[in-house]
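Notes for the structure review
Given next are the chains, with one letter for each unit.
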Amino acid sequence: PTALPGTQQSPIPPIIHFPNLLMLLGIESSCDDTAAAVLEGETVRSSVVSSQADLHEAYGGVVPELASRNHQRLIVPVVQKALSEAGAEPDDLDAVAVTVGPGLPGSLLVGLSFGKAFARSLDVPLVGVNHLEGHLYSVDIEAPRPPRPYLCLIVSGGHTELVLVEEDFQHTVLGRTRDDAAGEAFDKVAQLFGLGYPGGPEIDERAQRGDPSFHDFPRSRLDGFDFSFSGLKTSVLYHLRDFSDAEREQLFADHRDDLCASFQAAVVDVLVDAVRRAADETGAAHVAVVGGVAANRELRTRVETAGSEDGFAVHVPDFRYCMDNAAMIATAGRLRLDAGFTAPPTVDIDSGLGLSGEG
């Protein structure tokens, strides 16, 4: 497949192999999860994630200052636990990979600062990893791994992008959201439905019991492969405003599951439609769906069905590797090292980092 007009493509890296690389520590702290993982070769020896969801639930979303403070408190014990579960000592490590962006600046700084110091103390290479590349290559954590090229849909709380992975670190971004990410829409609509944070898993759970045809929420289909979910979110808001407080409470009592199913169907329809069109236009024989929203059961089922009907193979990570985790950072870090990338001591965070160097 060739790049489509108007897309951005990342540069092809030099190839310098690290044949003696055996064991790598991955660190992820881009948002509110503190994570560490140990990768030996292509095998995940341990993957530890400490979630702050309970801490931020009262605020209906992540509070950056609270997140960074808790990363400071958790980073050392999380890394220690990852090493312990892997049966490894710090001196066994051959490299350290850490997320440098995109994400919350304060959260990223905690992980990068620790990673720099840890790598320097061990005198091993440090590699900076793009969080989005971590998601892209999360399908490489476990077999079967997709051959290149493959089409990848990244769907998470902060990102919705459709990317053609032609070779490792040679990406063509076909489309991205122009406003809210899919995961962000799930969380915001969950609040409108009176559900907790994070809202995606609860909407997914309730939608299994609901009727997706209960209400016809709009599907935004833009030119090309870009996405937009703000209109859908606003439609839900206006629909609920049509009811008095008492009527709304009764609606939730009788049809909350149906509303969840109807909203989820609208999001999934848009995502799957874009994947099918992009697979057809690029000729992709393999399609991956990654990121937190990839854990959504309806999305997984619908993409699998599309693959069966349209003739492309579908790759979705295990549920534990859909959410933010350090195993994906370690995997992307291993690929980066094999491509000859290491980070200088002056490496800094980039909270707006994109796949093609924009932002």
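Residues numbered from 1 in each chain as written. Predicted model: local features only at pLDDT ≥ 70, side-chain atom pairs only at ≥ 80, totals over all residues. Heavy atoms only, no water.

1. Regarding the confidence of the model for the protein
- Summary statistics for the protein give a mean pLDDT of 90 and a share of 91% for residues scoring 70 or more.
- Throughout residues 1-19 the model reports pLDDT below 50, and contacts reaching past four residues in sequence, or to other chains, amount to 50 contacts. (pLDDT = per-residue confidence, 0-100. Contact = heavy atoms within 4.5 Å.)

2. Focus on the side chain of H171
- Looking at the secondary structure, you find H171 in strand β9 (residues 170-176).
- Residue classification places H171 among the buried residues on the basis of a relative accessible area of 0%.
- Side chain to side chain, H171 and Y137 meet in a polar contact 2.8 Å long. (Helix = DSSP H or I, 4+ residues; strand = E, 2+ residues; numbered from the N terminus. Buried < 20%, exposed > 50% of the residue type's maximum accessible area, 1.4 Å probe, protein only. Polar contact = N/O pair within 3.5 Å; in protein donor to acceptor, adjacent residues only side chain to side chain.)

3. Notes on the packing of helix α5 (residues 182-192) against helix α6 (residues 199-207)
- Relative to each other, α5 and α6 sit at 70°, their axes nearing to 8 Å. The orientation of α5 relative to α6 falls into the category roughly perpendicular. On the side of α5, the interface is formed by F186, D187, V189 and A190, while α6 contributes G199, G200 and I203.
- Here the contact of α5 with α6 is composed, by residue class, of four nonpolar, two polar and one charged. (Axes fitted to C-alpha atoms, helices over the stretch in contact; angles between N-to-C directions. Parallel < 35°, antiparallel > 145°, perpendicular 65-115°, else oblique. Nonpolar A, V, L, I, M, F, W, Y, C, P; charged D, E, K, R; others polar.)

4. Describing the packing of aromatic side chains
- Following the criterion strictly, the structure yields six aromatic pairs and no others.
- An angle of 75° between the planes, with centres 6.3 Å apart, marks the rings of F169 and F341 as edge-to-face. Here F169 is found in the loop between β8 (160-167) and β9, whereas its partner F341 is found in the segment after α11 (326-338), with 172 residues between them in sequence.
- When the ring of F227 is compared with that of F229, the centres are 6.3 Å apart and the planes differ by 10°; the resulting orientation is stacked.
- These aromatic residues form a ring-pair network of at least three members: Y137, F169 and F341.
- When the ring centre of F319 is taken as origin, the NZ or CZ atom of R300, which lies over that ring, is 4.1 Å away.
- Directly above the aromatic system of F341 lies the positively charged group of R336, at a separation of 4.5 Å from the ring centroid. (Phe/Tyr/Trp six-rings, centres within 6.5 Å; stacked < 30°, edge-to-face > 60°. Lys NZ or Arg CZ within 6 Å of the ring centre and 35° of its normal.)

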